[in-house]
Amino acid sequence: MPGPVPNREADLARPRARKGGDVQPVTKGVMREVKIPNADRDWHPIARRLWDSLKLSGQADFYQQSDWALAYSLCEDLSHYKNSGKRSGQMLQTIYSAFERLLVAEGDRRRVRIELHEPEPDVQSAAVLAIADYKRELGVG
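Heads up: these notes are all about the structure in this document. Note that the structure is a prediction, hence the values are computed from the model and not measured.

For the rest of this paragraph, the subject is the overall build of the chain. If you tally the helices and strands in the chain, you get five helices and zero strands. Per-residue burial for the chain yields a buried fraction of 22% across its 141 residues. Counting only contacts in the chain whose residues sit at least 6 apart along the sequence, the fraction spanning at least 24 positions is 64%. For the chain, the exposed area adds up to about 11000 Å²; of that, 52% sits on carbon and sulfur atoms.

See the structure below:
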């Protein structure tokens, strides 16, 4: 989606759905089990670092096998570029723009309205805590 990076949903005065804009229905499919391939040991350290960061990043929750295959191919290309003595600005731009499709940067994710948030802390209810305290006082389990 070209254009400026949209604001975060929390920064809007009212949610996009209430603004009266066209909200297109979403076509849904079934997520498949994913096996993430191992990085190539011969990759340039920067390509390796990018690959490792993709596995730990929140957008990876949405990646399917084809996304990992594309990421692998792009890291291979980036490694070749970084190890090459002959570098082209156009080639680097092409590689970086391909990474946009994988929503690697925050701006890329916000353009397609995906926002990653801090995980919610695990909060136990007062009743569960009270029962645990009661059991501890009784010396039970």
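Another point: unusual backbone geometry. At Leu103, a position not held by glycine, the phi torsion is positive, near 60°. Note that Leu103 resides in the loop between helix 3 (89-100) and helix 4 (106-111). For Arg113, which is not glycine, the phi torsion reads 60° and is therefore positive. Along the chain, the position of Arg113 falls in the loop between helix 4 and helix 5 (126-138).

This next bit is on the side chain of Arg109. Examined against the element boundaries, Arg109 turns out to sit in helix 4. Each residue touching Arg109, except ones within four places of it in the same chain, is listed here: Gln59, Leu103, Val104, Ile114 and Leu116.

Let's shift gears to the environment of Asp52. You can see Asp52 is positioned in helix 1 (residues 45-56). Looking at Asp52, the relative accessible area reads 30%, which means it is partly exposed. Distance in space between the C-alpha atoms of Asp52 and Ala39 is 8.0 Å, their sequence separation being 13 residues.

About the cut-offs
Residues numbered from 1 in each chain as written. Predicted model: local features only at pLDDT ≥ 70, side-chain atom pairs only at ≥ 80, totals over all residues. Heavy atoms only, no water. Helix = DSSP H or I, 4+ residues; strand = E, 2+ residues; numbered from the N terminus. Buried < 20%, exposed > 50% of the residue type's maximum accessible area, 1.4 Å probe, protein only. Contact = heavy atoms within 4.5 Å. Areas by Shrake-Rupley, 256 points an atom, 1.4 Å probe, with all protein chains shown as cover.

Note that all results are geometric; they support no functional claim without further evidence.
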